[in-house]
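# What the coordinates show
In case you want the letters, here they are:
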Amino acid sequence: NIEAFYKGIDWVDNDGASLMRAEDNTIVVERKNQYSKGGMCISMNEFVQGNNANYQIVNNNHLETKGTATGIFARGVENASVKDNLIFTNLSQQPTSGASGMVFENGSMNSVSCNAVTNTIPHSNIKTVGLFVSMSTNNKINCNNFGTNLVQGSTGSYRGMSFAGECDVFNDVAGNVMTECVEGLYLNNVSRIGQQIHRGNVWSNPTIGNTTAINQNAIGFGNSEFWVNINSGVQYWPNTISPPQWFFADPSGNTYNGCGSLICNTSIPDVSGDEEHLKQVARDSAISFDYRDENLNQAQSNLYALLQEDSLLRASD
């Protein structure tokens, strides 16, 4: 249980660590003066690109910012797992414009899933962001919720997800829910996130009725194109899309339904061994020290052997 004026957990230059893990913490960071307005609940800052630090920010961390900048901040971080966290922006102090629930800068191969970023700030007051990603590639951003669990009179984050710079190498943005966001998804004028084909992201805004996806990169929007089955449901297709051709209607495909996936469940029944690592291996994004590049092929072979023997596991996600 951590109360701080600047940073709750501050990790810097841990290249080569086998594991850096934060689990089941309650962290509140409150601004006390002008110097603490950039405060963060959990900060990860690495200087060496590559297999660094093996960060895990997982399982029931409750992070709250009061007039500070960010819940979870990662710069230069690779292979981190950020999963099952609740990040809340408190209205008691107004944060700086652009305050973000999660920030990932200049990193790659991070897994960001099943997190909820909420606040009680009316969109007319300030521009906040659920997730901000800049110059980061090969990330899996799956099944997060932005702007949910709202109190009466609030309207969620101003932006649900925001991308900046070239992020277009193998990013997977799937099953995320953007509720009550003025701009559900926003790409700046040089941003590219890679094609997202039938990823099943959901836009919902019952208060003001309009949902949006805005791509300021009018020239390179094809590198960030969203393919959606128009018969899957209106929630997969924002009301306002700029430019309109950024989203491609594909009635033949099967748009992913995040609600039906086991990706956010705590376990799959009757699976022997370390089930979370098995799922990471299956997604080719294993994060444990045991499953680095030199071991990944062998780990996958072991998993395939297990699947061959277990039809129920083979039929799961």
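So, a few notes on the structure that sits alongside this text. Just so it is clear, the model here is predicted, and its values are computed rather than measured. (Residues numbered from 1 in each chain as written. Predicted model: local features only at pLDDT ≥ 70, side-chain atom pairs only at ≥ 80, totals over all residues. Heavy atoms only, no water.)

### Digging into the packing of aromatic side chains
One pass over the full model with this rule turns up 8 aromatic pairs. Here the aromatic cluster, defined as three or more aromatic residues joined through ring pairs, consists of Trp203, Phe226, Trp237, Trp246 and Phe247. Positioned over the ring face of Tyr186 is Arg159, at 3.6 Å from the centre of the ring. (Phe/Tyr/Trp six-rings, centres within 6.5 Å; stacked < 30°, edge-to-face > 60°. Lys NZ or Arg CZ within 6 Å of the ring centre and 35° of its normal.)

### Digging into unusual backbone geometry
Between Ser242 and Pro243 the backbone carries a cis peptide bond, its omega angle lying at -5°. By the secondary structure assignment, Pro243 is in the loop between strand E23 (240-242) and strand E24 (247-249). Here Met109, not a glycine, exhibits a phi torsion of approximately 55°, which is positive. By the element assignment, Met109 lies in the loop between strand E9 (100-105) and strand E10 (111-113). What makes Met109 partly exposed here is its relative accessible area of 35%. (Helix = DSSP H or I, 4+ residues; strand = E, 2+ residues; numbered from the N terminus. Buried < 20%, exposed > 50% of the residue type's maximum accessible area, 1.4 Å probe, protein only.)

### Digging into empty space enclosed by the protein
Summed over all chains, the structure comprises 3 cavities of 30 Å³ or more. Empty space within the largest cavity amounts to approximately 70 Å³. Thr89, Ala99, Ser100, Gly101 and Val129 are, among the 15 residues lining the largest cavity, the residues nearest its centre. Looking at the lining of the largest cavity, the elements that each hand over two or more residues are strand E7 (70-75), strand E8 (81-89), E9 and strand E11 (116-119). Class assignment for the residues of the lining of the largest cavity results in 5 nonpolar, 10 polar and no charged. A total of 3 residues in the lining of the second largest cavity trace back to one element, the largest contributor, which is strand E22 (residues 226-228). For the lining of the second largest cavity, the per-class residue count stands at 5 nonpolar, 4 polar and 1 charged. (1 Å grid on protein atoms, 1.4 Å probe; cavity = no way out; pocket = protein on both sides within 12 Å on 5 of 7 lines; lining within 4 Å. Points joined across faces, edges and corners; volume = space filled by probe spheres on them. Nonpolar A, V, L, I, M, F, W, Y, C, P; charged D, E, K, R; others polar.)

### A few points about the side chain of Glu105
With respect to the helices and strands, Glu105 occurs in strand E9. When neighbours within four sequence positions are excluded, Glu105 is seen to be in contact with Phe73, Ala74, Arg75, Gly76, Phe132, Ser134 and Ser136. (Contact = heavy atoms within 4.5 Å.)

### Some remarks on the pattern of salt bridges
Applying the stated criterion to the full structure yields 8 salt bridges. Residue Glu30 is joined to Lys32 by a salt bridge in which the shortest nitrogen-to-oxygen separation is 3.9 Å. The exposure class of Glu30 is partly exposed, given its relative accessible area of 24%. In this structure, the salt-bridge partner of Glu105 is Arg75, at a minimum N-O distance of 3.1 Å. A residue pair is termed long-range when its members are at least 10 positions apart, and Glu105 in strand E9 and Arg75 in strand E7 qualify at 30 residues. (Salt bridge = Lys/Arg side-chain N within 4 Å of Asp/Glu carboxyl O.)

### A short note on the nonpolar core
Formed by 48 residues in total, the largest nonpolar core has its most connected members in Met102, Met161, Phe163, Leu185 and Trp246. Here Trp246 is in contact with Leu185, Leu187, Ala213, Ile214, Asn215, Phe221, Ser224, Glu225, Phe226 and Ile241, once residues within four sequence places are set aside. (Core = buried A, V, L, I, M, F, W, Y, C linked by side-chain atoms within 4.5 Å.)

### Considerations on the sheet that holds E22
Note on sheets: strands pair through backbone hydrogen bonds, and any given pair is parallel or antiparallel. Read from one edge to the other, the open sheet built from 3 strands follows the order E19-E22-E24, with strand pairing classed as parallel. Each end of this open sheet is capped by a strand with a single partner; those strands are strand E19 (196-197) and E24. As paired strands, E19 and E22 are joined by 2 bridges and run parallel to one another. Across the sheet, the residue bridging to Gln196 is Phe226, located in E22. (Pairing = 2+ DSSP bridges.)

No statement about biological role is implied by the geometric values presented.
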